[in-house]
Amino acid sequence: MQKKILEKIKAITSDLKYLWNRYVKRIEIDRPPIFIVGCGHSGTSLLLAILGGHPRIYAVPYESKILLKGKEKKFKQGMLEFDKSTVIAGKRRWVEKTPRHILHINEILNWCEGAKIILILRDGKDVAYSIKQRTGDLEKGIRRWCDDNVAGKRFWNHPDVHLLRYEDLVTDFESSIQGVLSFIGEEYIPEIKDYHKTPKKWFSAVISKPESAFGENHSQYRNWQINQPLFDGRGRWEALSEEELSRIDEIAGPVLVEFGYSLAGGPVSYEKPM
């Protein structure tokens, strides 16, 4: 009973704040929404946290998966909820992140006029390593990376899609984020790099680092990550065994090379394709 009363009070408070911001402070949505997509473990949560640090952008604090439900009506209902949450937060537009939406870019473009999509790409070797740390299944990780990114590649040159490489983000933050903000029509502010200074409890109520990123600890680990300053997560795949590295090349070698990444058995390097 007490829980229901508290929930009702919270809902009333949110409604009042929405009405105050919308009709007294005249805060309203003034630009199209932004969607972050990409294979999981590619830096999608990091990018969400960074953009949520912009004074005009509200970060939807959970993966809505609204496009995985496959119905336009539910998709548009979800967008209205995000609009309301954005106004309550005192911001002017929102960004949503569900990695699996990389398989549904066409629906976003067709169902949401003017939507901007940021597709983040990361070295498949590091993605496979990260997924292995979470699930114990390296092969599943590298196959998922191939499937997701091959599906997304056909949209790389679409005018409403911006390709961002994780490697560029961590090595040249300012230039990379300026490119992202220019694409979505927002001004760059240096303070955006301080995104980690605002505590976030998106995936867990706990911010401290768990003993591992495996299994039930993963949500807490993700939440700890988005509350940290920008750090370089490249090259972690080097800890894999020779057998694992060989398996990565066997499954994903051609795609790694096509996307500008080295083979697992080759030199440790990354070169941005011309």
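Note: the structure precedes this text.
### Topic: the overall build of the protein chain
Counting its secondary structure elements, the protein chain contains ten helices and five strands. Scaling as 2.2 N^0.38, a compact globule of 274 residues should have a C-alpha radius of gyration of about 19 Å, and the protein chain matches this with 19 Å. Based on the C-alpha atoms only, the size of the protein chain along its principal axes is roughly 60 × 45 × 40 Å. In the protein chain, which comprises 274 residues, the share counted as buried stands at 48%. Taken as a whole, the protein chain presents about 14,300 Å² of accessible surface, with 50% of it coming from carbon and sulfur. In the protein chain, 43 side chains carry a positive charge and 37 a negative one; their mean positions are 9 Å apart.

### Brief notes about the nonpolar core
Counting residues in each nonpolar core, the largest one holds 43 residues, and the members touching the most others are Phe35, Phe75, Ile105, Ile117, Trp145 and Ile248. Elements supplying a minimum of two residues to this core: strand S1 (34-37), helix H3 (72-88), helix H4 (105-111), strand S4 (116-121), helix H5 (124-135), helix H6 (138-153) and helix H10 (242-258). Contact partners of phenylalanine 35, with chain neighbours within four places excluded, come to Phe75, Met79, Trp94, Glu96, Ile108, Cys112, Ala115, Lys116, Ile117 and Ile118.

### Notes on the sheet that holds strand S2 (residues 57-59)
The strand order across the open sheet built from five strands is S2-S3-S1-S4-S5, with neighbouring strands paired in parallel fashion. At either margin of the open sheet sits one strand with a lone partner, and together these are S2 and strand S5 (161-165). Between one strand axis and the next, the sheet turns through 25 degrees on average, direction left out of account. With four bridges joining them, S1 and S4 adopt parallel strand pairing. Bridge assignment links valine 37 to a residue of S4, and that residue is leucine 119. Here H3 sits on the sheet and contacts S1, S2 and strand S3 (93-97); the angle it forms with S3, its principal contact strand, is near 125 degrees.

### Section: the packing of H5 against H6
It is the contact of H5 with H6, at a shortest axis distance of 8 Å, that shows an interaxial angle of 140 degrees. Judged by the inter-axis angle, H5 sits oblique to H6. Crossing angle aside, the handedness with which H5 passes H6 is right-handed. Within the contact between the two elements, H5 uses Gly124, Val127, Ala128, Tyr129, Ile131 and Lys132 and H6 uses Leu138, Gly141, Ile142, Arg144 and Trp145.

### Points about helix H9 (residues 218-225)
If you check which residues of H9 are buried, you get His218, Tyr221, Arg222, Asn223 and Trp224. Where H9 is buried, its residues meet helix H2 (44-52), S3 and H5.

### Overview of the pattern of salt bridges
According to the stated counting rule, one finds 20 salt bridges in the structure shown. One salt bridge connects aspartate 30 with arginine 56, and the closest N-O pair in it is separated by 2.8 Å. Within this pair, whereas aspartate 30 is found in the loop between helix H1 (2-24) and S1, its partner arginine 56 is found in the loop between H2 and S2, the two being separated by 26 residues in sequence. Notably, a salt bridge pairs arginine 31 with glutamate 186, separated by 3.5 Å at the nearest N-O pair. Of this pair, arginine 31 sits in the loop between H1 and S1 while glutamate 186 sits in the loop between helix H8 (173-184) and H9, and the two are 155 residues apart along the sequence. Taking the relative accessible area as the measure of exposure, glutamate 186 reaches 9% and is therefore buried. Connected through shared salt-bridge partners, Asp30, Arg31, Arg56, Arg93 and Glu186 make up one network.

### Overview of the environment of arginine 92
Along the polypeptide, arginine 92 turns up in the loop between H3 and S3. Given the relative accessible area of 26%, arginine 92 is considered partly exposed. In this structure, arginine 92 is in contact with Arg26, Ile27, Glu28, Ile29, Asp30, Arg31, Arg56 and Thr86, ignoring residues within four places of it in sequence. At 3.4 Å, the side chain of arginine 92 and the backbone oxygen of arginine 26 are in polar contact.

### Comments concerning the packing of aromatic side chains
Applying the stated criterion across every chain yields a total of ten aromatic pairs. Ring geometry for tryptophan 202 against phenylalanine 203: centres 6.5 Å apart, planes inclined by 85 degrees, an arrangement best described as edge-to-face. The two residues tryptophan 202 and phenylalanine 203 agree in class, both being buried. Their ring planes at 35 degrees and their centres at 6.4 Å tell us that tryptophan 224 and phenylalanine 231 sit as a pair that is tilted.

### Some remarks on the side chain of aspartate 126
Structurally, aspartate 126 is set in helix H5. Of the side chains bearing the opposite charge, arginine 122 lies closest to the buried aspartate 126, which forms no salt bridge; the N-O distance is 4.6 Å. Beyond its immediate stretch of four places on either side in the chain, aspartate 126 contacts Gly233, Arg234, Gly235, Arg236 and Trp237.

What counts, and where the lines are drawn
Residues numbered from 1 in each chain as written. Predicted model: local features only at pLDDT ≥ 70, side-chain atom pairs only at ≥ 80, totals over all residues. Heavy atoms only, no water. Helix = DSSP H or I, 4+ residues; strand = E, 2+ residues; numbered from the N terminus. Rg over C-alpha atoms; globule rule 2.2 N^0.38 Å. Buried < 20%, exposed > 50% of the residue type's maximum accessible area, 1.4 Å probe, protein only. Areas by Shrake-Rupley, 256 points an atom, 1.4 Å probe, with all protein chains shown as cover. Lys, Arg positive; Asp, Glu negative; His and termini not counted. Charge placed at Lys NZ, Arg CZ, Asp CG, Glu CD. Core = buried A, V, L, I, M, F, W, Y, C linked by side-chain atoms within 4.5 Å. Contact = heavy atoms within 4.5 Å. Pairing = 2+ DSSP bridges. Axes fitted to C-alpha atoms, helices over the stretch in contact; angles between N-to-C directions. Parallel < 35°, antiparallel > 145°, perpendicular 65-115°, else oblique. Left-handed = near helix turned anticlockwise from the far one by under 90°. Salt bridge = Lys/Arg side-chain N within 4 Å of Asp/Glu carboxyl O. Polar contact = N/O pair within 3.5 Å; in protein donor to acceptor, adjacent residues only side chain to side chain. Phe/Tyr/Trp six-rings, centres within 6.5 Å; stacked < 30°, edge-to-face > 60°.

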